[in-house]
There are 2 protein chains.
Amino acid sequence: MEHIKDGSVRAILANAGNANACTGEKGLENARLTSEWVAGELGIKAGEVLVASTGVIGAQLDMDRVEKALPKLVKGLSPEGIPEAAKAIMTTDSFPKISLSQGEAGGIPYHILGIAKGAGMIMPRMATMLCFILTDIRLGTPELKRILSSSVEKTFNRITVDGDTSTNDMVLVMANGLAGNGVLNKADHEEFQRRLIHVMTDLATMIVKDGEGATKVVHIHVKGASTGSDSTRAARIVANSFLVKTAFYGQDPNWGRIMAALGRSGIHMEERDISMWIDGVKIVEGGLGTGVDQEKKAAEKMAHSEFSLIIDLNQGKYEDQIVTCDLTHEYVSINADYRT
Amino acid sequence: MEHIKDGSVRAILANAGNANACTGEKGLENARLTSEWVAGELGIKAGEVLVASTGVIGAQLDMDRVEKALPKLVKGLSPEGIPEAAKAIMTTDSFPKISLSQGEAGGIPYHILGIAKGAGMIMPRMATMLCFILTDIRLGTPELKRILSSSVEKTFNRITVDGDTSTNDMVLVMANGLAGNGVLNKADHEEFQRRLIHVMTDLATMIVKDGEGATKVVHIHVKGASTGSDSTRAARIVANSFLVKTAFYGQDPNWGRIMAALGRSGIHMEERDISMWIDGVKIVEGGLGTGVDQEKKAAEKMAHSEFSLIIDLNQGKYEDQIVTCDLTHEYVSINADYRT
């Protein structure tokens, strides 16, 4: 927070395995010291270094290991190092997450490259994830900040694995201006944001796909809500329900559990107005099941590794989407065994 | 709701396996019809019959089976039938839940006998549970209602298995006055409520013990909150966290996850003021871990089938308790397989 204030950063040091969270004053000192060490090695200012930590909460960093690793890390810096960096930040992730988009502004090409890590403790605002995005576009800090914030809202703030928010998370965009483009017009801005959202959606979906123990990615789409917050709330409650998520795992179009989750969400709804579809197969109409045949068809759709659940509340014009995953035996294994 | 309005009930018909929820007008008609059939068999009024259904949501009752079963059920009525009734209302429960308390009012003995069912979809207000309590005390309907409501708040509304509230739940107390006691004085009232709370706590704890797949019962006690709602909210968020519950299962005193859950609860807290104990073993002091030795001791406590987690926020004088269980492989098995 201290170092990001002025909007300028030249280096990130990320460590995986230890979150440096709930470590008190000593943890803060260690973070500052790490920045100084990195700055010393690179010949830049400590305020230009960001530190990102992810892993177990409540343990102090092993500063000897950090200090010893630094010269080698700096020596190994290379434009080809991105895939290695994407691997290095993994904790319970099973695969590295990288996404790239290339655009043009006034005939000048630019790039947006993002890497991310995250698999559990995933829930909006924003959860145990780190995402570093590099772009060579030339764009002012206030504009970049505005575009980033609204893009996070549409991407990383619309996924969940287990509803457990984290002590540690970060989405960072660094723009160095090397593309050499001129001042962006409105269309350029829009294209840049579209591409940024594409990269972030890509990474966000990878995080859910890699959700701890997940075997299925489910796109939950709530429409017909009477307010925007109703649509978001309904989608989140359904997306985080233990019972809905185990039903996804069991490939069971158990719409009663979805209805129960909607019922406890506190949104404005009328049971008899609700319709639901799984990958286009209608399983609920007017608050009632559409029958065994339809459920059988829906169960077939749920055998796929990715499907959608559309809930139409039929109360108004607002809608929202959350990407979630199923709750599996493997999730329990990972989290009962992690750490000890 | 129609039949309970006047406060007088003489019979309950409960069925397990089908919740008769989200079944629209036809479901409501079936419920009314069932009451009429029961009333006919017993020679009482339909308005004196309550129906309670629990099980799969969204399927219509098989009315033929209900109709055929009734004469046999009525013929089988017996004062010794309570244990059988406790068994008959089970769904995913693994054992019947019965509790009894005997008291005296003005030298006259009375009894409070409760049966309950519930194992999953358990979360305050009140979840997939049925609880029928019979007492022979003589007590007016308004007083009984007041005592029941405040007792539910302290018992069934303070447990959770998975945070999923239900479409179906009921706690009912029926008092027939056969004890023949006179008007109760203040001490009698207090004793009755204490005994009722004892029976309800007993049943509520059994529900958590029998939580789907649960291997551990955990008593979460949040104290030192600045408001009453903060203490309740903090206890509930911790009690329902996927990650805290899997850590309980793994017997891992992973207080970082508890801290993370508190952090997202939105309550007033200061990390550096927080202390935590597991069965009397201090694992956090001033927001920091107390070290590996203490964690090892705490892990030993967590090997038991029941233990407490005390969280002192050190912000004020409010406190609350929630009883929860761990999240296990078996929970996932039960709920991925239930229904299909």
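Residues numbered from 1 in each chain as written. Chains lettered and ligands numbered in written order. Predicted model: local features only at pLDDT ≥ 70, side-chain atom pairs only at ≥ 80, totals over all residues. Heavy atoms only, no water.

Novice: What is the right way to look at the overall build of chain A in this model?
Specialist: Helices and strands together make up the secondary structure of chain A, namely ten helices and twelve strands. A compact globule built from 340 residues would reach a C-alpha radius of gyration of about 20 Å, and chain A, at 22 Å, matches this within 12%. Principal axes of the C-alpha set define a box for chain A whose edges measure 70 × 55 × 30 Å. Accessible area of chain A: about 14800 Å², with a carbon and sulfur share of 52%. (Helix = DSSP H or I, 4+ residues; strand = E, 2+ residues; numbered from the N terminus. Rg over C-alpha atoms; globule rule 2.2 N^0.38 Å. Areas by Shrake-Rupley, 256 points an atom, 1.4 Å probe, with all protein chains shown as cover.)

Novice: Honestly, the environment of A:Ile115 in this entry has me stumped. Any pointers?
Specialist: Residues and elements named next belong to chain A. Secondary-structure assignment places Ile 115 in strand E4 (residues 108–117). Since its relative accessible area comes to 6%, Ile 115 is described here as buried. For the pair formed by Ile 115 and Lys 87, sequence separation is 28 residues and the distance between their alpha carbons is 9.3 Å. (Buried < 20%, exposed > 50% of the residue type's maximum accessible area, 1.4 Å probe, protein only.)

Novice: I keep staring at the relation of the copies chain A and chain B and nothing clicks. Help me out?
Specialist: Related by rotation about an axis and a shift along that axis, the two copies of the chain form a pair. In screw terms, the move from chain A to chain B is a rotation of 180 degrees and a rise of 0.0 Å along the axis, fitting with an RMSD of 0.0 Å. What the superposition gives is, in effect, a two-fold axis relating one chain to the other. In terms of proximity to the rotation axis, the leading residue of chain A is A:His329, whose C-alpha is 2.5 Å off the axis. Comparing contact sets, 100% of the residues at the interface of chain A also lie at the interface in chain B, consistent with an isologous, same-surface contact. (Least-squares fit on C-alpha atoms with pLDDT ≥ 70 in both. Contact = heavy atoms within 4.5 Å.)

Novice: Can you help me understand unusual backbone geometry in this one?
Specialist: Leave glycine aside and you will find that most residues have negative phi; peptide bonds, for their part, are mostly trans. All names here are of chain B. Phi is positive for Cys 22, close to 55 degrees, though the residue is something other than glycine. With phi around 45 degrees, Asp 279 is a residue other than glycine that occupies positive phi space. Counting through the fold element by element, Asp 279 comes out in the loop between strand E8 (275–278) and strand E9 (281–285). The exposure class assigned to Asp 279 is partly exposed, which follows from its relative accessible area of 29%.

Novice: Would you mind going over the sheet that holds E8(B) with me for this structure?
Specialist: All names here are of chain B. In space, the six strands of this open sheet follow the order E10-E9-E8-E11-E7-E12, with mixed pairing throughout. In the strand order of this sheet, the two ends are held by strand E10 (288–289) and strand E12 (318–325), each with one partner. The pairing of strand E7 (residues 217–225) with E12 spans seven bridges and is classified as antiparallel. Among the inter-strand pairings, Val 222 is bridged to a residue of E12, identified as Asp 320. (Pairing = 2+ DSSP bridges.)

Novice: How should I be thinking about the side chain of A:Ser99 in this particular structure?
Specialist: Residues and elements named next belong to chain A. Structurally, Ser 99 can be placed in strand E3 (residues 97–105). When its relative accessible area of 3% is taken as the criterion, Ser 99 is described as buried. In this structure the side chain of Ser 99 is engaged in a polar contact, spanning 2.6 Å, whose partner is the side chain of Asp 202. Aside from chain neighbours lying at most four places away, what touches Ser 99 is Ile 112, Leu 113, Gly 114, Val 199, Asp 202, Leu 203 and Met 206. (Polar contact = N/O pair within 3.5 Å; in protein donor to acceptor, adjacent residues only side chain to side chain.)

Novice: When you look at the packing of helix H4 (residues 141–154) of chain B against helix H5 (residues 186–209) of chain B in this model, what are you seeing that I'm missing?
Specialist: To describe two helices that pack against each other, one gives the angle between their axes and the distance between the axes. All names here are of chain B. Relative to each other, H4 and H5 sit at 45 degrees, their axes nearing to 10 Å. Between H4 and H5, the angle falls in the class oblique. In the crossing of H4 with H5, the sense of the turn from one axis to the other is right-handed. Residue-level inspection shows Glu 143, Leu 144, Ile 147, Leu 148, Ser 150, Ser 151, Val 152 and Lys 154 of H4 in contact with H5, the latter providing His 189, Phe 192, Gln 193, Leu 196, Ile 197 and Met 200. Here the contact of H4 with H5 is built from residues that sort into eight nonpolar, four polar and two charged. (Axes fitted to C-alpha atoms, helices over the stretch in contact; angles between N-to-C directions. Parallel < 35°, antiparallel > 145°, perpendicular 65-115°, else oblique. Left-handed = near helix turned anticlockwise from the far one by under 90°. Nonpolar A, V, L, I, M, F, W, Y, C, P; charged D, E, K, R; others polar.)

Novice: Please clarify how the pairing of strand E11 (residues 306–312) of chain A should be interpreted in this entry.
Specialist: A regular strand places its side chains so that they alternate between the two faces of the sheet. Pairing of strand E7 (residues 217–225) of chain A with E11(A), which is carried by seven bridges, proceeds in the parallel orientation. Each bridged residue has a counterpart across the sheet, and for A:Ile220 the counterpart in E11(A) is A:Leu309.

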